[in-house]
Amino acid sequence: MNEMSSLAPKPAGPERQRKPDWIRVKAPTSTGFAETKAMMRRLNLNTVCEEAACPNIGECWTKKHATVMILGDTCTRACAFCNVKTGMPRAVDAMEPQHTADAAAELGLEHIVITSVDRDDLPDGGASQFVKVIQALRRTTPNTTIEILTPDFRNKAQAAIESIVEAGPEVYNHNLETVPRLYPTIRPGARYYASLRLLESVKRHDPSIFTKSGVMLGLGEERLEVHQVMDDMRSADIDFLTMGQYLQPTPRHAKVIDFVPPAGFDAFAAIARAKGFLLVASSPLTRSSYHAGDDFARLRAAREAQLARA
């Protein structure tokens with residue numbers, strides 16, 4: 001063996017992309033963060049904040065705001081952008097609805113966001129658990145407004161929507177995530193137009209429920225494709241659009257094609273407002289449930305102003 005061969009560089013592993021300054025956040029260290037985490041563990045609750053590696057977790061948990069992820073921590077799908085683990089989920093926790101309501105009461109939440117993993121293994125896709133969580137919240141914290149962020153309930157959407165809408169959340173969110181062209185690689189288990197029809201169906205069943213959807217930027221989408229998604233959303237009467245920067249959770253996930261600067265998000269927001277959304281949240285760190293309580297207050301005020309003008 002050549003004596004210099006032992007000094008040869010080893011093959012490098014996958015490189016993590018360096019984030020621009022506007023996307024960096026501080027590591028969470030506050031007392032409030034620790035208290036929120038301890039409460040979630042005590043109540044055996046999962047949060048999308050942790051499972052999806054949200055960059056805003058430090059800020060939100062310090063303020064005692066957390067997004068509960070029901071139906072376990074294991075998803076039956078494997079989207080290329082998502083950090084939630086994939087596999088065969090465990091049985092649904094019968095105590096999860098009441099534990100979620102207990103968490104809302106302990107945190108003193110005026111507004112709560114409930115999301116879930118995909119549960120294609122369940123006959124109703126998990127819709128009945130959303131209903132039970134809403135009912136538990138109404139019993140335990142009747143003044144808390146409720147926002148749900150559901151999966152697409154593939155092949156079960158109609159019955160799922162009817163039962164959840166009947167339970168009466170204030171906001172129904174379902175994210176389109178990206179432009180149709182990228183679905184086969186980014187969201188292969190879903191169908192773009194099925195997601196649009198889901199949100200359209202919510203409005204048809206109860207026009208008073210606010211509908212909401214979001215997209216990630218930086219996956220290689222073209223500007224005009226994003227504009228078309230906005231038009232499709234408005235055709236489905238979606239009230240609230242969120243837009244944020246996609247961040248690669250691990251080297252195994254889809255790569256960031258580009259980091260959209262804050263000015264780019266502002267430009268998209270201006271176009272979205274011109275297209276008629278009641279509310280638009282658009283910035284690199286925007287996520288579906290980021291500042292959701294404040295946004296709900298603005299959403300309700302925007303509708304009241306719209307009705308007054310009419």
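Residues numbered from 1 in each chain as written. Predicted model: local features only at pLDDT ≥ 70, side-chain atom pairs only at ≥ 80, totals over all residues. Heavy atoms only, no water.

Visitor: How should the side chain of glutamate 221 be read in this particular structure?
Guide: Along the chain, the position of glutamate 221 falls in the loop between β8 (210–217) and α9 (223–235). The side chain of glutamate 221 sits in the buried core without any salt bridge; arginine 181 is the nearest counter-charge, 6.9 Å away. Separated by 2.7 Å, the side chain of glutamate 221 and the backbone nitrogen of glycine 218 make a polar contact. Reaching out from glutamate 221, the side chain makes a polar contact with the backbone nitrogen of leucine 219 at a distance of 2.9 Å. Apart from the residues within four sequence positions on either side, glutamate 221 is in contact with Val179, Arg181, Leu182, Met216 and Val226. (Helix = DSSP H or I, 4+ residues; strand = E, 2+ residues; numbered from the N terminus. Buried < 20%, exposed > 50% of the residue type's maximum accessible area, 1.4 Å probe, protein only. Lys, Arg positive; Asp, Glu negative; His and termini not counted. Salt bridge = Lys/Arg side-chain N within 4 Å of Asp/Glu carboxyl O. Polar contact = N/O pair within 3.5 Å; in protein donor to acceptor, adjacent residues only side chain to side chain. Contact = heavy atoms within 4.5 Å.)

Visitor: In this structure, what is going on with the packing of helix α4 (residues 96–107) against helix α5 (residues 127–140)? I would like to understand it.
Guide: Helices that pack against each other are described as a pair by the angle of their axes relative to one another and the distance between those axes. Contact geometry of α4 with α5 gives a least axis separation of 8 Å together with a crossing angle of 40°. Relative to α5, the element α4 lies oblique. Where α4 crosses over α5, the handedness of that crossing is right-handed. Of the residues in α5, those touching α4 at Glu96, Pro97, Gln98, Thr100, Ala101, Asp102, Ala104 and Ala105 are Gln129, Lys132, Val133, Ala136, Leu137, Arg139 and Thr140. Of the residues belonging to the contact of α4 with α5, the class tally is 7 nonpolar, 4 polar and 4 charged. (Axes fitted to C-alpha atoms, helices over the stretch in contact; angles between N-to-C directions. Parallel < 35°, antiparallel > 145°, perpendicular 65-115°, else oblique. Left-handed = near helix turned anticlockwise from the far one by under 90°. Nonpolar A, V, L, I, M, F, W, Y, C, P; charged D, E, K, R; others polar.)

Shape descriptors only; they carry no functional weight alone.
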